[in-house]
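# Observations on the three-dimensional arrangement
Here's the letter readout for the chains.
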There are 2 protein chains.
Amino acid sequence: MRALAVVPHQPGSLALTEFNAPVPGENQLLARTLAIGVCGTDHEIIDGKYGEAPEGTEHLIIGHESLAEVVSAPTGSGFSAGDLIVGIVRRPDPVPCPNCAAGEWDMCRNGLYTEHGIKGAQGYAAEYFAIDPGYAVKVDRGLRDTGVLLEPTSIVAKAWDHIERIATRAIWKPRTVLVTGAGPVGLLAAMMGLQRGLDVTLFDRVDTGIKPKLAERLGARYRVGDLARIDPRPDVVIECTGAPSIVIAALEITSPVGIVCLAGISSGQRTVQIDGDVLGRTMVLENDVVFGTVNANRRHYAMAADALAAADQGWLRMMITRRVPLSSWAEAFKRGGDDVKIVIDFAMG
Amino acid sequence: MRALAVVPHQPGSLALTEFNAPVPGENQLLARTLAIGVCGTDHEIIDGKYGEAPEGTEHLIIGHESLAEVVSAPTGSGFSAGDLIVGIVRRPDPVPCPNCAAGEWDMCRNGLYTEHGIKGAQGYAAEYFAIDPGYAVKVDRGLRDTGVLLEPTSIVAKAWDHIERIATRAIWKPRTVLVTGAGPVGLLAAMMGLQRGLDVTLFDRVDTGIKPKLAERLGARYRVGDLARIDPRPDVVIECTGAPSIVIAALEITSPVGIVCLAGISSGQRTVQIDGDVLGRTMVLENDVVFGTVNANRRHYAMAADALAAADQGWLRMMITRRVPLSSWAEAFKRGGDDVKIVIDFAMG
């Protein structure tokens, strides 16, 4: 079978490569890949900046945003042929930390987890894969076009789960949400905010192209320009850019008892400046919180599956701005233009 | 009666001044002050940098860390003559925000609260005061020498309450705690950490005098020097200095899933530098949290009363390094030396 693989830390090594087809274990599902989403982490991996092949192998098959169809499933597994599934990304180490042992590998404390398509485990960008039922998430069959958005939605589901847990600090609950960065994660965060009945503003650098249209159809305000002048003052900021200057601006603009959720990753950032009074006074006097969140556990995938099933399917399809057949895979990694989410379509061949 | 009062924003205006004795309302307690603790906020007020007199008055009676004895109480109030009480500091505005309306004025969102001895309400550094039973907290009669520590302990009780709420993000619970700043708040935070069975390290600038002795008797490790090399790596940091450089160091040293609680206030801080990767990457990949906390609600005063009653009374007495009679009040505001908590003793006259 064919799979998209790199030799980690060799920029330009990404290729459609022939691998042995997987032989599912007695208790495993065999799945045929339908679609793989491309995200920033994939670009870091193909640029040679990130990624780790499974022990004893040279190649890392990429792909962590998956959608696949079950080909065969053991009886009693809860799955049957034709089911749509998404593979969970992270797996705990055989010697798990207390969070991993409880299935909350997204809160891993020792860093010994593996991640399919990223770190020490083969990804889903292969024509077929075998998977333990415990790491497969069933998706409504109506989501054949959009279920590939489940993994990025799971990231956002975790962000919302933690915002809601942290909000138990106070009786009052947040109402106004600002999402910085109108990429796929930001748009899905806005979608889940609106599903919660909140007032949502999306902030981005560009005010042309499809992003403002996606915000409008979703029912979110769309803003560009000076973050310091944003109105209304947000109770919650979901920061999806990872840019330290945006993180610091977010800290400064929240309302009292504000929550800033850092969901974006950037690297190689220089030292930045922050007003000493923000750390030494404002955050204290206003009872503000800032927290980072990464990955998702099974509970968050389930929340995400519900959120996607309840969403406007036309809007989700509009977010997938390009579907590239596997045979033209290189097109899927060309950046620029007005893309939001690019998907590699394995079913198109 | 005599009371310690300032004309707000007039440095050097602090004086022992004659006021009319309070006449308690039908449903109020009349209380005779036993002791008042002095803290950093009092210094800001007497230095003219902070503080606000009640509407229509020129003087602000200071004193927010109180201990008093009930002189008279309405029947059915739950109090009787001879009870020891502490007055709650913050009061919601007559038009309360949702948190204030629910009694959680420590999480006030509109800033319209008043604070006894600080902002728009007379303090407790008066020979007598009248108080609504709903804002008086009963203290075990055995705590006549140490009950004046209840208010700073309530600040710390809130910090622990919120650490524990935020820790519901993960299954695993923190075990190692670092407290930065071995002043009264830091020492009481360490005390409550040890009462929870945690491993506690106190960090301070000085390694001479009474602070290391207090740490030793408490059962906490005591460290000075380079915060970046602290061992063990803390799961929780309770930051009590308010110094932005310490806040930033705290952010960098926590273990994954770490919690940094900002409980110290400083002002007039310059812009400080922070590694962009801490905000743009480390906090996200490690699921770290930083939060600010100020003030306390009634629930936290109750937690604090329990914590003080369970504490080593000799250790609490050791923390009160000077007891100054009211007649020598000026001595209580002289800084320097090896003091931890200075108390003005109203019973000594």
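Remember, predicted model here, so these are calculated numbers, not experimental data.

### Observations regarding helix α5 (residues 210-218) of chain A
All names here are of chain A. For α5, the full list of buried residues reads I210, K211, L214, A215 and L218. Across the axial projection of α5, the buried residues extend over an arc of 140°, all falling on one side. Exposed and oriented more than 90 degrees from the buried face of α5 are K213 and E216. Contact partners of the buried residues in α5: α4 (184-195), β13 (199-203), β14 (221-223), α9 (313-319) and β19 (320-325). Looking one or two residues beyond α5, the residue adopting positive phi is G219, at roughly 100°.

### What to know about the packing of aromatic side chains
Per the counting criterion, the structure on display carries four aromatic pairs over all chains. For the pair W105 of chain A and Y135 of chain A, a centre-to-centre distance of 5.4 Å together with 35° between the ring planes defines the contact as tilted. Of this pair, W105 of chain A sits in the loop between α2 (98-101) and β8 (114-116) while Y135 of chain A sits in the loop between β10 (128-131) and β11 (136-139), and the two are 30 residues apart along the sequence. Assessed through its relative accessible area of 5%, W105 of chain A is described here as buried. We classify Y135 of chain A as buried; its relative accessible area is 17%. A cation sits over an aromatic face here: K138 of chain A above F79 of chain A, 5.3 Å from the ring centre. Over the ring of Y113 of chain B we find R90 of chain B; its NZ or CZ atom is 3.5 Å from the centre of that ring.

### What to know about the relation of the copies chain B and chain A
With an RMSD of 0.0 Å, the fit of chain B onto chain A corresponds to turning through 180° and sliding 0.0 Å along the axis. The superposition operator between the copies reduces to a two-fold rotation axis. Among all C-alpha atoms of chain B, that of Q273 of chain B lies closest to the rotation axis, at 2.3 Å. Of the interface residues in chain B, 100% have counterparts in chain A that sit at the interface too, so the contact is made through matching surfaces.

### Let's talk about the packing of helix α3 (residues 150-166) of chain B against helix α4 (residues 184-195) of chain B
All names here are of chain B. Two numbers describe how α3 lies on α4: the axes approach to 9 Å, and their chain directions differ by 50°. In this view, α3 runs oblique relative to α4, as classed from their interaxial angle. Relative to α4, α3 is oriented so that their crossing is right-handed. Side by side, α3 and α4 meet where P152, T153, V156, A157 and W160 of the first sit next to V185, L188, A189, M191, M192 and G193 of the second. Of the residues belonging to the contact of α3 with α4, the class tally is nine nonpolar, two polar and no charged.

### As for the environment of G82 of chain A
Residue and element names in this part refer to chain A. Secondary-structure assignment places G82 in the loop between β5 (65-72) and β6 (84-87). Classification of G82 as buried rests on a relative accessible area of 17%. Along the primary structure G82 and E69 are separated by 13 residues, whereas in three dimensions their C-alpha atoms are 5.6 Å apart. When near neighbours in sequence (up to four residues on either side) are disregarded, G82 contacts E69, V70 and R141.

### A look at the environment of A305 of chain B
Residues and elements named next belong to chain B. Tracing the backbone shows A305 in helix α8 (residues 298-310). Accessibility expressed as a relative area gives 15% for A305, which makes it buried. Taking the C-alpha atoms as reference points, A305 and L149, separated by 156 residues in sequence, lie 9.4 Å from one another. Once you skip the residues sitting within four places of it in the chain, A305 turns out to touch K138 and L150.

### What about the interface of chain B and chain A?
In this assembly, 57 residues from chain B lie in contact with 57 residues from chain A. Of the roughly 4,800 Å² buried between chain B and chain A on both sides combined, carbon and sulfur atoms contribute 56%. Applying the counting rule to chain B against chain A returns two salt bridges. For R109 of chain A, the salt bridge is made with D235 of chain B, and the minimal N-O distance between the two is 2.8 Å. In this assembly, chain B and chain A are joined by 31 residue pairs in polar contact (both at pLDDT 80 or more). Taken together, the elements giving at least two residues each to the side of chain B that touches chain A come down to α2 (98-101), α3, α6 (244-253), β17 (271-275), α7 (276-285) and β18 (289-292) of chain B. Here the side of chain B that touches chain A gets eight residues from one element, more than from any other, and that element is α7 of chain B. Residues that form the side of chain B that touches chain A fall into these classes: 26 nonpolar, 17 polar and 14 charged.

### Some details on the sheet that holds β8 of chain A
All names here are of chain A. Spatially, the three strands line up as an open sheet ordered β7-β8-β9, and their pairing is mixed. Two strands lie at the open edges of the sheet, namely β7 (90-91) and β9 (120-121), each paired on one side alone. Looking at chain direction, β8 and β9 are connected through two bridges and run parallel. Bridge pairing in β9 links H116 to A121.

### Side note on the pairing of strand β20 (residues 341-345) of chain B
Consecutive side chains of a regular strand alternate in pointing toward one face of the sheet and then the other. Residues and elements named next belong to chain B. By the criterion of burial, β20 is predominantly enclosed, with five of the five residues buried. Burial along β20 is two-sided: K341, V343 and D345 facing one way and I342 and I344 facing the other are all buried. Sheet topology note: the strand β3 (residues 29-37)/β20 ladder contains three bridges and is antiparallel. If you follow I36 over to β20, its bridge partner there is I344. Pairing of strand β19 (residues 320-325) with β20, which is carried by five bridges, proceeds in the parallel orientation. When the bridges of β20 are listed, R322 appears paired with I342.

### Quick look at the domain arrangement of chain A
Residue and element names in this part refer to chain A. Looking at the assigned domains, one finds that chain A contains domain 1 (2-146 + 319-348) and domain 2 (154-292). Measuring from the centre of the C-alpha atoms in domain 1 to the corresponding centre in domain 2 gives 29 Å. Counting the surface lost from both domain 1 and domain 2, the interface buries some 790 Å², and carbon and sulfur atoms represent 67% of this. Contact with domain 2 buries area across many residues of domain 1, yet M319, D338 and V340 alone supply 60% of it, more than any other trio. Run the count over domain 1 and domain 2 and you get one salt bridge. Put simply, D106 and K158 hold a salt bridge, and the shortest N to O gap is 3.2 Å.

Reading guide: rules and limits
- Residues numbered from 1 in each chain as written.
- Chains lettered and ligands numbered in written order.
- Predicted model: local features only at pLDDT ≥ 70, side-chain atom pairs only at ≥ 80, totals over all residues.
- Heavy atoms only, no water.
- Buried < 20%, exposed > 50% of the residue type's maximum accessible area, 1.4 Å probe, protein only.
- Helix = DSSP H or I, 4+ residues; strand = E, 2+ residues; numbered from the N terminus.
- Arc of directions from axis to C-beta.
- Contact = heavy atoms within 4.5 Å.
- Phe/Tyr/Trp six-rings, centres within 6.5 Å; stacked < 30°, edge-to-face > 60°.
- Lys NZ or Arg CZ within 6 Å of the ring centre and 35° of its normal.
- Least-squares fit on C-alpha atoms with pLDDT ≥ 70 in both.
- Axes fitted to C-alpha atoms, helices over the stretch in contact; angles between N-to-C directions.
- Parallel < 35°, antiparallel > 145°, perpendicular 65-115°, else oblique.
- Left-handed = near helix turned anticlockwise from the far one by under 90°.
- Nonpolar A, V, L, I, M, F, W, Y, C, P; charged D, E, K, R; others polar.
- Buried area = accessible area lost by both parts, 1.4 Å probe.
- Salt bridge = Lys/Arg side-chain N within 4 Å of Asp/Glu carboxyl O.
- Polar contact = N/O pair within 3.5 Å; in protein donor to acceptor, adjacent residues only side chain to side chain.
- Pairing = 2+ DSSP bridges.
- Domains from an automatic or database assignment.

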